[in-house]
Amino acid sequence: MSNVVLQVENLHTSFFTRLGEVKAVDGVSFYVREGETFGIVGESGCGKSVTGLSIMRLLPEPGGEIIEGKIILEGKNILELSKKAMRAYRGKMISMILQDPMSSLNPVYTIGDQISEAVKLHQDLPDNMVEAEVVSALRLLRIPDPEIRTKEYPFQLSGGMRQRVVGSIAMSCRPRLLIADEPTTALDATIQAQYLALFDDIQAKTNVAIIFITHDFGVVSRICDRVGVMYAGKILEAAPTRDIFKAPKHPYTKALIDSVPRLEVKDERLYSIEGQPPSMFRLPPGCRFRPRCPVAMDICGEQEPPEVKLNEDHAVSCWRVK
Ligand SMILES: Nc1ncnc2c1ncn2[C@@H]1O[C@H](COP(=O)(O)OP(=O)(O)O)[C@@H](O)[C@H]1O
Ligand SMILES: [Mg+2]
């Protein structure tokens, strides 16, 4: 496949806790091409963030461990890199935007200081060129009056503007891969729409590959080219966004899509999925979605469904799909 930036193959990441092993990521595979946005969508606790943190190799220690699999970035399996080599790689090749911008910004430094720190760390630039690079990083995220903003502190900015600054820092190293982990969840609807629009913009200018993590299929429809639907540590269905909206195959995908509020339908009762995702300590036998599945059959409680490829880009793991 041409211009694939990231290929994740059969990734298994576990937490070893006093209560036992939690298989937070349980055999996940997907790829992202240059200039493409791949969405990872699913309910809270299904392993989306742990997938992102595994790719960054920034799992919480002790406890979090990559057990198996490959994470191939531009042809190189980054799981084979030393910690030191990985640090350099992380700066130059991959960066991540987290949900809460305040946790990524230092309250006692100005915006300018924080971005120039990132620029100096990751790019070999003479001192007199750093400022121009900082301003251009702010411009990339469409931050108005960048020369003024550089002198301000995080608390002087609105939530939406702070998240843009975090985006500027993430993009300032000119990464090949950007992982955005629910970056708009803490923003209100209008600001969220503006922020999502920025991703198209950034991609058009930089051709960066993006993994966009969200629990919201509405967000997926706006910005993802392809999407993987994750449940209890596994991707149950993956397809181009257009196909998955037109013809979702997995009952879980259908349920998630049905739970997106539609603007044009007034007073519609929101469909929500009954029950809770299973405890990650004890998965049910067979298909992990079976206890909540409205169309489960006997075999679903006995054996895990194999992945069926409907075509080159559409895969689904469900006994109902042949
Ligand atoms: N620090 C941790 N220690 C133990 N288990 C964890 C830790 N972080 C996450 N997990 C486990 O991994 C699962 C997936 O977590 P996460 O990737 O954060 O979910 P999501 O981002 O989809 O909401 C959780 O359900 C939890 O069981
Ligand atoms: Mg998360």
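Keep in mind it's a predicted model, so treat the numbers as computed, not measured.

### Details of the overall build of the chain
A count of helices and strands for the chain gives eleven helices and twelve strands. Relative to the compact-globule value of 20 Å for 322 residues, the chain shows a C-alpha radius of gyration of 20 Å, a close match. Counting only C-alpha atoms and orienting by the principal axes, one finds that the chain spans roughly 70 × 50 × 40 Å. Among the 322 residues that make up the chain, the fraction classed as buried is 51%. Residue pairs at least 24 apart in sequence account for 64% of intrachain contacts in the chain once pairs closer than 6 positions are excluded. Surface accessibility of the chain: about 16200 Å² in total, with carbon and sulfur atoms responsible for 50%.

### Brief notes about helix 7 (residues 159-172)
Compared with an ideal rise of 1.5 Å per residue, which puts 14 residues at 20 Å, helix 7 spans 20 Å between its outermost C-alpha atoms and is within 8% of the ideal. Every buried residue of helix 7 is listed here: Gly160, Met161, Arg162, Gln163, Arg164, Val165, Val166, Gly167, Ser168, Ala170, Met171 and Ser172. Of the surrounding elements, those touching the buried residues of helix 7 are strand 6 (94-97), helix 3 (101-104), helix 4 (111-122), helix 5 (127-140), strand 7 (177-181) and helix 8 (189-206). Where helix 7 ends, the next residue or the one after it, Arg174, has phi of about 55°, a positive value.

### As for the pairing of strand 2 (residues 20-33)
Pairing analysis gives eleven bridges linking strand 1 (residues 4-17) to strand 2, with the strands arranged antiparallel. Across the sheet, the residue bridging to Gln7 is Tyr31, located in strand 2. Linking strand 1 back to strand 2 in an antiparallel pair, the connection comprises two residues.

### Things to note about the pattern of salt bridges
Counted under the stated rule, the structure contains 14 salt bridges. With a shortest N-O distance of 3.0 Å, Arg292 and Glu43 are connected by a salt bridge. Of this pair, Arg292 sits in the loop between helix 11 (251-258) and strand 11 (308-311) while Glu43 sits in the loop between strand 3 (37-41) and helix 1 (48-56), placing them 249 residues apart in sequence. You can call Arg292 buried: its relative accessible area is 11%. Residue Lys48 pairs with Glu182 through a salt bridge whose shortest N-O separation is 4.0 Å. With Lys48 in helix 1 and Glu182 in the loop between strand 7 and helix 8, this residue pair connects regions lying 134 residues apart in the sequence. Side by side, Lys48 and Glu182 carry an identical accessibility label, which is buried. One salt-bridge network, held together by shared partners, links Asp26, Lys234, Arg288 and Glu304.

### Focus: the side chain of Gln123
Inspection of the secondary structure puts Gln123 in the loop between helix 4 and helix 5. Given a relative accessible area of 14%, Gln123 falls into the buried group. Within the structure, Gln123 has its side chain in polar contact with the side chain of Glu133 (distance 3.4 Å). Leaving out residues up to four positions away in the same chain, Gln123 has contacts with Glu133, Ser172, Cys173 and Arg174.

### Focus on the sheet that holds strand 1
As summarised here, the arrangement of the four strands in space is 2-1-4-5, forming an open sheet in which the pairing is antiparallel. Every other strand in the sheet has two partners, leaving strand 2 and strand 5 (76-77) as the edge strands with one partner each. Of the strands in this sheet, strand 1, strand 2 and strand 4 (64-73) are in contact with helix 1, which crosses strand 1 at around 110°.

### With respect to the environment of Asn10
With respect to the helices and strands, the residue Asn10 is situated in strand 1. Separated by 18 residues in the primary sequence, Asn10 and Val28 place their C-alpha atoms 4.9 Å from one another. Those residues within four positions of Asn10 in sequence are excluded, and the remaining contacts are Gly27, Val28, Ser29, Glu68 and Gly69. Within the local environment of Asn10, its side chain forms a polar contact with the side chain of His12, the two groups lying 3.1 Å apart.

### Focus on unusual backbone geometry
That bond from Glu61 to Pro62 is cis: its omega, -10°, falls within 30 degrees of zero. Inspection of the secondary structure assignment puts Pro62 in the loop between helix 1 and strand 4. The phi dihedral of Arg57 is positive, around 55°, even though this residue is not glycine. Checked against the element boundaries, Arg57 lands in the loop between helix 1 and strand 4. In this model, Asp145 sits at a positive phi of 45°, which is unusual for a non-glycine residue.

### Concerning the environment of Val260
As for its position among the elements, Val260 is in the loop between helix 11 and strand 11. Separated by 148 residues in sequence, Val260 and Gly112 have C-alpha atoms that sit 39 Å apart.

Rules behind the numbers
- Residues numbered from 1 in each chain as written.
- Chains lettered and ligands numbered in written order.
- Predicted model: local features only at pLDDT ≥ 70, side-chain atom pairs only at ≥ 80, totals over all residues.
- Heavy atoms only, no water.
- Helix = DSSP H or I, 4+ residues; strand = E, 2+ residues; numbered from the N terminus.
- Rg over C-alpha atoms; globule rule 2.2 N^0.38 Å.
- Buried < 20%, exposed > 50% of the residue type's maximum accessible area, 1.4 Å probe, protein only.
- Contact = heavy atoms within 4.5 Å.
- Areas by Shrake-Rupley, 256 points an atom, 1.4 Å probe, with all protein chains shown as cover.
- Expected span 1.5 Å × (residues − 1).
- Pairing = 2+ DSSP bridges.
- Salt bridge = Lys/Arg side-chain N within 4 Å of Asp/Glu carboxyl O.
- Polar contact = N/O pair within 3.5 Å; in protein donor to acceptor, adjacent residues only side chain to side chain.
- Axes fitted to C-alpha atoms, helices over the stretch in contact; angles between N-to-C directions.

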